[in-house]
Amino acid sequence: MKSEALLRCHGVVAGYEHPVVGPVTFELFRGEVLGLLGSNGAGKSTLIKAITGHARIFRGRLETAPGIELAHHRQQPVRPAECPLSGHDLVTLTGASRQTPPPQIARLLDGRVDQLSGGQFQILQIWACLGSGAEVVLLDEPTNNLDPATVEALVNLIRKDQAGRTILVVSHEASFIDAICSRVVSVSA
Amino acid sequence: MLELLFDPLFRLPFITGLLLAPVAAIAGVYLRLREEWLAALAYAQVAAAGAVVAVVLHAPVMLGALAAAGLVATVKGLLANPGNHHFVIFILLGWGVALVAGSFSAHGEMVGQSLMDGQLYFTGQAHLLGALALLVIGTLCMSWLSQRLLMDRFFPDYFSANGIPAWRHRVAFDWLVVAIVAVATTAFGVMAAFALLFIPAWVAWGVAQGWRNVLIIAAGLAVVAYVIAFVVAVAVDQPFGPMLVLILCATALLRFARRGVRSASPSAAPARAPSVAPEAAHRK
């Protein structure tokens, strides 16, 4: 028996003033990690923005299963230059503080987030989304700013610690997509 | 001179300010979170203009202040990307309207002048009730508002992605700030109200670690500065508003002192946490 589709994208053409991407068709089933792969400028992030309501859908249909919650990790997370929030404050916002974080993330929780490097803040934001109670997690270019060791830690986090989560990942890095995704959809403009 | 502090005449203004100071400081923290700290001065200046217009029209002063600041908050809410340049226009408009409206009546001019000078001692029972109401409403709304304002800042797609209307908490916050600024402006004057919203939040933002500490430090600093300003203003017979502004400016040194300690401390140099797990680093 096929598992339940939490997100359906039927021939979606999305963009802003003008169409940028599509038509794209895919279904995201509960418990799978689906990758959207494409070159820079292919419109992968625009597709994610269409799902979160920040881009316009020109044609096609986008449906989410009723009652589900989405968490979205932006390609460029919001990070004020000066910010007194601690890492713990940030993950508490999404409810991720209820889960035990992996050691790489646990050591980032006590200090101010403005004292973290770009990569550390990135992985903390990803944990805030993955550790939340959202049924679907959207990760937009999660490997940006991450060094190879942290990318490896992220792969382990998604494949082992968060196994069974429903995740839609956008990346231009084919090796990362290959490492974590059970299915891949190619996206082009 | 200090016996004046215990004079029943000063009790009401003192208690009013004591209630308002932490509320204004905490509102300032959330304005800073939203990068709208200059809105505090815009609302204060426009509230002063509204108060002067109300006097000229023989309407209640606080109602005029509330209506004018509320109008500006509504206009700000309708703008696609409200920012500091818009707030500057509101500040200039407020200043101009306050002076022009004041020229139409001697009473209006006097009220306009007192709002610029900042004389707490003219606060009345309406201010006390307003401050009390804001303290109660702010406390009751805090948990609901805080969570949403923080999510809106750090995970701004959460609301649209999940079909949750964000306008409710944004409008609720704007109107709470408008009410706080209107009461504070008519009680303390324009610059004192702005300083209470801006400086404690700015200092706390720079020195605190963790959100709860930001709120505690901002509110505590505002109360301490307020009490000192009140005592000093009474003791040396000076206007309260400028005294509060000067003392709050002095507290801003705490921000720089903390930075000095950070940069002087040897342990402050490697401020960043290790980026990778030790075993992964070895593999490299």
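Parameters and conventions
- Going along each chain's sequence as written, the residues are numbered from 1 onward.
- To read the labels, note that chains go from A and ligands from 1, taken in the order they are written.
- In keeping with the model being predicted, local features are shown solely for residues with a pLDDT of at least 70 and side-chain atom pairs are shown and tallied solely at 80 or more, while totals for entire chains, interfaces and linings include all residues.
- Excluded from the side-chain calculation are hydrogens and water; included are all heavy atoms of the structure.
- UniProt positions are given in the numbering used here, feature names are shortened, and annotations may be inferred rather than shown by experiment.
- Two strands are counted as paired when DSSP detects at least two bridges linking them.
- Numbered from the N terminus, helices here are DSSP runs of H or I no shorter than four residues, and strands are runs of E no shorter than two.
- Every axis in this analysis is a line fitted to C-alpha atoms, fitted for helices over the stretch in contact. Angles between the N-to-C directions lie between 0 and 180 degrees.
- Contacts between residues were defined by any pair of non-hydrogen atoms, one from each residue, lying within 4.5 Å.
- Remark: exposure states derive from per-residue accessible area (1.4 Å probe, protein chains only) relative to the maximum for the residue type, with buried under 20%, exposed over 50%, and partly exposed in between.
- Roughly parallel here means an angle under 35 degrees, roughly antiparallel means over 145, roughly perpendicular means 65 to 115, and every remaining angle is called oblique.
- The buried area of a pairing is the accessible area, by a 1.4 Å probe, that goes missing from both parts when the two are put together, added over both.
- Should a side-chain nitrogen of Lys or Arg be within 4 Å of a carboxyl oxygen of Asp or Glu, the pair is scored as a salt bridge.
- Polar contact criterion, stated in full: a pair of N or O atoms within 3.5 Å, where within protein one must be able to donate a hydrogen and the other to accept it, and residues adjacent in sequence count only if both atoms are side-chain atoms.
- Residues are grouped as follows: Ala, Val, Leu, Ile, Met, Phe, Trp, Tyr, Cys and Pro are nonpolar; Asp, Glu, Lys and Arg are charged; all remaining types, including Gly, are polar.

- In the annotation of an unreviewed UniProt entry, the entry for chain B reads ABC transporter, and the organism field reads Ectothiorhodospira haloalkaliphila.
- In its Sequence similarities (unreviewed entry) section, the UniProt record describing chain B reads: "Belongs to the ABC-3 integral membrane protein family."

- Chain A is annotated in an unreviewed UniProt entry as ABC transporter of Ectothiorhodospira haloalkaliphila.

**Describing the sheet that holds strand S2 (residues 19–29) of chain A**
Residues and elements named next belong to chain A.
(1) Moving on: Judged by pairing direction, the sheet is antiparallel, and its three strands sit side by side in the order S2-S1-S4 without closing on themselves. Looking at which strands have only one partner, the edges of the open sheet turn out to be S2 and strand S4 (56–64). Ignoring strand direction, the axes of neighbouring strands in this sheet form an average angle of 5°.
(2) Moving on: By the bridge criterion, seven bridges tie strand S1 (residues 5–15) to S2 in an arrangement that is antiparallel. When the bridges of S2 are listed, alanine 5 appears paired with phenylalanine 29.
(3) Moving on: Docked against the sheet, helix H1 (residues 44–51) engages S1, S2 and S4, running at close to 120° with respect to S1.

**Thoughts on unusual backbone geometry**
All names here are of chain A.
(1) Moving on: One non-glycine residue with positive phi stands out, namely asparagine 145, at about 70°.
(2) Moving on: Along the chain, asparagine 145 falls in the loop between strand S6 (136–140) and helix H5 (148–161).
(3) Moving on: On the basis of relative accessibility, which here comes to 58%, the residue asparagine 145 falls in the exposed class.

**Considerations on the packing of helix H2 (residues 87–94) of chain A against helix H6 (residues 125–154) of chain B**
(1) Moving on: Between H2(A) and H6(B), whose axes approach to 10 Å, the crossing angle comes to 105°. In terms of axis orientation, H2(A) runs roughly perpendicular to H6(B). Here Leu90(A), Leu93(A) and Thr94(A) of H2(A) come into contact with H6(B), specifically with Gln147(B), Leu150(B), Met151(B) and Phe154(B).

**With respect to the interface of chain A and chain B**
(1) Moving on: Each partner contributes to the interface: chain A provides 36 residues, whereas chain B provides 33 residues.
(2) Moving on: Taken over both partners, the interface formed by chain A and chain B buries close to 3100 Å², and the fraction arising from carbon and sulfur atoms is 54%.
(3) Moving on: The tally of links from chain A across to chain B stands at two salt bridges.
(4) Moving on: Two residues, Asp157(B) and Arg74(A), come together in a salt bridge whose shortest N-O distance is 2.9 Å.
(5) Moving on: At the boundary of chain A with chain B, the tally comes to 16 residue pairs in polar contact (both at pLDDT 80 or more).
(6) Moving on: Of all the secondary-structure elements, those providing two or more residues to the side of chain A that touches chain B are strand S5 (70–73), H2, helix H4 (118–130) and H5 of chain A.
(7) Moving on: Taken together, the residues of the side of chain A that touches chain B break down into 15 nonpolar, twelve polar and nine charged.

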